[in-house]
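Observations on the three-dimensional arrangement
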Amino acid sequence: MPPDLCDKIIIMKVSSLARGLFSAIKSNAASSTRSHFTYYPTKFSPGTRDVQKMNMFQAINNAMDQALEQDSSALLFGEDVGFGGVFRCSVNLRDKYGKDRVFNTPLCEQGIAGFAIGVANTGATAIAEIQFADYIFPSFDQIVNEAAKYRYRSGGLFDCGSLTFRVPCGAVGHGALYHSQSPEAYFAHTPGLRVVIPRGPIKAKGLLLACIRDANPCIMFEPKTLYRAAVEDVPTEAYAEDLGKCDILREGKDVTLVGWGTQVHVLLEVADLAKKQLDIDCEVIDLVSILPWDTQTICNSVNKTGRVLIAHEAPFTQGFGSEMAAYIQEKCFLRLEAPVKRVTGWDTPFPHVFEPFYLPDKHRCLAALKEIINY
Amino acid sequence: MLDYKLHKLEMGPDTLVALTEREAALYYRQLVAIRRLEAAAAQLYREQLVRGFCHLYTGQEACAVGLCAALRPQDNLIAGYRIHGWAYLMGVTAAAVLAELTGRASGCAQGKGGSMHMYAPNFYGGNGIVGAQISLGTGIALANKYRKNGAVCFALYGDGAANQGQIFECYNMAQLWKLPIVFVCENNNYGMGTSAWRASSNTNYYTRGDYLPGVWVDGQDVLAVRSATRFAIEHAQQRGPLVLELCTYRYAGHSMSDPGTSYRTREEVQQVRQRQDAIERFRKICLEMSLLTQTQLLGIERTVRDEMELAIKAARTDVELPLSHLCNDVYAGSYAQLQLRGVLGHNLEHARSRTESCHE
């Protein structure tokens, strides 16, 4: 459904400021025809829930609207969130909740993170946005050394559990080195944090609300290429997804495919191709939660199929796939029919012109799948 | 007569300056060249030959032309991401700039860097992460001092970046060790969509160095910027670091995705164009001082147009880098495992594209 139609359905008034700023971006939407994935929407089983067609930024907006409404201590801040944010995730929220609760910070990621941790220390709810995941590194120290360790080092006297970072991440087709990174592996290495990645609007809203309510500091990496491309019927009520649990999107007996974020949609297409071309049944799993990850469901699946392929945009060496591979081979050794396979970005900085070759697209994933099937 | 504001300084840059015919012709050509270069970049972007992020310098030309006019061959420069004009003045040809934008092998960084990553001898880029370049610049200045090469490093940043913490760390280190560095804030009054006064509690960026002396300069005036830069070079070498604030304005939005009209009025942009345009002001000086005639000015413009047309053609038609370069230049050649890991055991050969880099 074209974005314009979505705008009319949504009851919220989009501030004219945001509309003006991004009329140029809308015309660039033609580049979505060059994207490396096809979007597979998640459909709810029919029920009595009220749903509304939303894309991912609208779903996230809806989640924050509900969070700010239900929790009077909740604050939303980051660079440019006031007028609606560079991805429109926070449109209308400043008008609705006031400048005291929804406000811009200057250009200072380390400050934003430290500030957010301080807010959460007092028990108030902090929703901090880092404009691009590529910019998160000045805040790395605050997140890893302060946020993650607060509860532990104070023996439970203090914590920053009411803290959630929202961070747009991932390849977008033209982001090059500093607007495309997927840094989840750096944060997965830090006990004390929660790291989650949605694959679409339904997941994004539920995960964000769950993170806000969760008593641990959470980071939600939002694949920016899905903000507009991902459209689903999203429940209008407030709901929270389970944290730490993965989703089996498709069941199969021959091989397990695991990914997160945008890559889930690549893998769903690979599963279709595998069925059509090779008559292979793939079990496709969206990991959802990077830290802590659902070891049980994944290992159950691998024990069933005997073969597993993990795919992610981040580089190969020390990508999160390596943690999973190490764990899976330890727990499922005797049931494995082939080595654990990883299809990932190359061990280079995220390239400018070579992006189509860098990404673990469906062709590379399918080739890897053939290899482990025929092992 | 030129006008400056001084912070912790008894005397400032020269307010009376000289301008020769030759200099006038050179600066005019450079001003017009940058303006046209950015127009060419915008055109290529609209044709979707340039993708990704493209930050135009249109309107701020006098800062680059004025500053580079005073640079000596040994001085170095490092800047943020709005650098097409700076790259051009530091020796990257227009063709190499535009070809870099369109990702061709003849581009400045062989097409691997894009708009934000252009480099040249003594020009260290070209940095995407806001504020990070200042720390790098401070290190460059330290190396200059250590090597006793008499060079001064100019580290450029904008009004948005002025609030990054590491800049204050650099002010301290520079002053402590009396480094030959000039911190240059190109204040175009907007950090992306946020006006300076909404992001900074103190918008007098030339005073933000606190214990560092500073000079506020009219960034739309080539000669003021040049004079201030000469003053700054002398100061950096004799007395230590300095902060220059060049007050300027960009006509385009933050990047090509930003029309630039939702956070400021069209009238404001028009006003600056009509009353404060850097090129117009310089043109007037040339004509009023009888340094250049109308015919000469037109001749310069024609030369620039021809130059840009050739550059655009190169950007459109030159070959792209072959896929084998995907894994080049990740490491220096002495990396033990000269193969990069990827997928399916298809380990790509790693190589270095150039045998010499820009530094000795």
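Per an unreviewed UniProt entry, chain B carries the name Pyruvate dehydrogenase E1 component subunit alpha and comes from Drosophila virilis. The UniProt entry for chain B carries the following text under Catalytic activity (unreviewed entry): "N(6)-[(R)-lipoyl]-L-lysyl-[protein] + pyruvate + H(+) = N(6)-[(R)-S(8)-acetyldihydrolipoyl]-L-lysyl-[protein] + CO2". The Cofactor (unreviewed entry) comment attached to chain B in UniProt states, word for word, "thiamine diphosphate".

Chain A carries the name 2-oxoisovalerate dehydrogenase subunit beta, mitochondrial in an unreviewed UniProt entry, which gives Drosophila virilis as its organism.

**So, the overall build of chain A**
Across its full length, chain A carries 16 helices and 14 strands. Taken over 375 residues, chain A has a buried fraction of 63%. Carbon and sulfur atoms make up 54% of the accessible area of chain A, which totals about 14400 Å².

**A short note on the sheet that holds strand β2 (residues 75-78) of chain A**
All names here are of chain A. Reading across the sheet, the seven strands line up as β3-β2-β4-β5-β7-β6-β12 and stay open at both edges, with mixed pairing between neighbours. Only two strands of the sheet have a single neighbouring strand rather than two, namely β3 (102-104) and β12 (289-291). The sheet shows a mean angle of 20° between the axes of neighbouring strands, direction not considered. Two strands pair when backbone bridges link them, and strand β6 (residues 194-196) and β12 are joined in this way by two bridges, in the antiparallel orientation. Pairing of V195 across the sheet is with L291, part of β12. In the packing of helix α4 (residues 56-70) onto the sheet, the strands contacted are β2, β3, β4 (126-129), β5 (163-169) and β7 (218-223), and the crossing angle to β7 comes to about 150°. Here helix α6 (residues 109-121) sits on the sheet and contacts β2, β3, β4 and β5; the angle it forms with β4, its principal contact strand, is near 170°.

**What about the confidence of the model for chain B?**
Looking at chain B, the pLDDT average stands at 91 and 92% of residues meet or exceed 70. Scored by ipTM, the complex comes to 0.76, with pTM at 0.83.

**Details of the packing of helix α1 (residues 21-46) of chain B against helix α11 (residues 294-317) of chain B**
Residues and elements named next belong to chain B. Closest axis-to-axis distance for the α1/α11 pair is 9 Å, and the angle between their directions is 35°. Relative to α11, α1 is oriented so that their crossing is right-handed. Across the interface between the two elements, A25, Y28, R29, V32, A33, R36, L37, A40 and L44 from α1 touch L297, I300, E301, V304, R305, E307, M308, I312, A315 and R316 from α11. Residues that form the contact of α1 with α11 fall into these classes: 13 nonpolar, no polar and six charged.

**Side note on the packing of aromatic side chains**
On inspection of all chains with the given rule, the structure shows 23 aromatic pairs over all chains. An angle of 55° between the planes, with centres 5.3 Å apart, marks the rings of F132 of chain A and Y135 of chain A as tilted. Taken individually, F132 of chain A and Y135 of chain A each receive the classification buried, so the pair is uniform in this respect. Positioned above the aromatic ring of Y239 of chain A, the side-chain terminus of R49 of chain A is 5.5 Å from the ring centre. It is R264 of chain B that lies over the ring of Y190 of chain B; its NZ or CZ is 5.6 Å from the centre.

**Thoughts on the UniProt feature "domain: Transketolase-like pyrimidine-binding" (unreviewed entry) in chain A**
Using the residue numbers shown here, the UniProt feature "domain: Transketolase-like pyrimidine-binding" (unreviewed entry) corresponds to residues 54-229 of chain A. In the segment residues 54-229 of chain A, helix accounts for 38% and strand for 16%; the C-alpha atoms at its two ends are 10 Å apart.

**Concerning the domain arrangement of chain B**
One frequently used descriptor of interface size is the decrease in accessible area upon assembly of the parts. Domain annotation of chain B identifies domain 1 (4-320) and domain 2 (328-358). Put simply, the middle of domain 1 of chain B and the middle of domain 2 of chain B, counted by C-alpha atoms, are 34 Å apart.

**Observations regarding the state of the cysteines**
Taken as a whole and assessed by the stated rule, the structure comprises zero disulfides over all chains. For the unlinked cysteine C211 of chain A, the closest cysteine sulfur is that of C218 of chain A, found at 3.9 Å. C247 of chain B carries a free sulfur, and the closest cysteine sulfur to it, the one in C63 of chain B, is 8.7 Å from it.

**Thoughts on the sheet that holds strand β11 (residues 282-286) of chain A**
All names here are of chain A. Taken together, the five strands give an open sheet; going across it, the order is β9-β11-β10-β13-β14, and neighbouring strands pair in mixed fashion. Looking at which strands have only one partner, the edges of the open sheet turn out to be β9 (247-250) and β14 (341-345). The sheet shows a mean angle of 25° between the axes of neighbouring strands, direction not considered. When strand β10 (residues 255-259) meets β11, the two strands line up parallel, connected through five bridges. If you follow T256 over to β11, its bridge partner there is E283. Contacting β10, β13 (308-315) and β14, helix α14 (residues 320-331) runs over the sheet at an angle of about 155° to β13.

**Considerations on the nonpolar core**
Residues and elements named next belong to chain A. Judged by nonpolar contacts, the single largest core of 111 residues is most densely connected at F165, F221, L257, L287, I298, M324 and I328. Counting residues per element, this core draws most heavily on helix α12 (residues 262-278), which supplies eight residues. When residues of this core are assigned to domains, at least three map to each of domain 1 (51-235) and domain 2 (247-374). Discounting chain neighbours no more than four positions away, the residues touching F165 are A113, A116, A128, I130, I143, C218, I219 and M220.

**Some words on the environment of Y263 of chain B**
Residue and element names in this part refer to chain B. On the secondary structure map, Y263 appears in the loop between β8 (242-247) and α9 (266-275). Its relative accessible area of 18% is what places Y263 among the buried residues. Sequence separation between Y263 and A40 is 223 residues; the distance between their C-alpha atoms is 25 Å. Only 3.0 Å separates the side chain of Y263 from the side chain of R250, close enough to count as a polar contact. A polar atom in the side chain of Y263 sits 2.6 Å from the side chain of D258.

**Some thoughts on the interface of chain B and chain A**
At the interface, 45 residues of chain B touch 43 residues of chain A. Around 3700 Å² of area is buried between chain B and chain A when both sides are counted, 64% of it from carbon and sulfur atoms. Across the chain B-chain A interface, the total number found is zero salt bridges. Put simply, chain B and chain A have six residue pairs in polar contact (both at pLDDT 80 or more) between them. Of all the secondary-structure elements, those providing two or more residues to the side of chain B that touches chain A are α4 (94-101) and α7 (196-199) of chain B. Residue classes in the side of chain B that touches chain A are distributed as 22 nonpolar, 17 polar and six charged.

**What to know about the packing of α4 of chain B against α11 of chain B**
Residues and elements named next belong to chain B. Relative to each other, α4 and α11 sit at 35°, their axes nearing to 8 Å. The element α4 and its partner α11 pack so that their crossing is right-handed. Every residue of α11 that contacts α4 at A94, A95, L98 and A99 is listed here: E307, M308, A311, I312, A314 and A315. Here the contact of α4 with α11 is built from residues that sort into nine nonpolar, no polar and one charged.

Quick notes on the rules
Residues numbered from 1 in each chain as written. Chains lettered and ligands numbered in written order. Predicted model: local features only at pLDDT ≥ 70, side-chain atom pairs only at ≥ 80, totals over all residues. Heavy atoms only, no water. UniProt positions renumbered as here; feature names shortened; annotations may be inferred. Helix = DSSP H or I, 4+ residues; strand = E, 2+ residues; numbered from the N terminus. Buried < 20%, exposed > 50% of the residue type's maximum accessible area, 1.4 Å probe, protein only. Areas by Shrake-Rupley, 256 points an atom, 1.4 Å probe, with all protein chains shown as cover. Pairing = 2+ DSSP bridges. Axes fitted to C-alpha atoms, helices over the stretch in contact; angles between N-to-C directions. Contact = heavy atoms within 4.5 Å. pLDDT = per-residue confidence, 0-100. Left-handed = near helix turned anticlockwise from the far one by under 90°. Nonpolar A, V, L, I, M, F, W, Y, C, P; charged D, E, K, R; others polar. Phe/Tyr/Trp six-rings, centres within 6.5 Å; stacked < 30°, edge-to-face > 60°. Lys NZ or Arg CZ within 6 Å of the ring centre and 35° of its normal. Domains from an automatic or database assignment. Disulfide = S-S within 2.5 Å. Core = buried A, V, L, I, M, F, W, Y, C linked by side-chain atoms within 4.5 Å. Polar contact = N/O pair within 3.5 Å; in protein donor to acceptor, adjacent residues only side chain to side chain. Buried area = accessible area lost by both parts, 1.4 Å probe. Salt bridge = Lys/Arg side-chain N within 4 Å of Asp/Glu carboxyl O.

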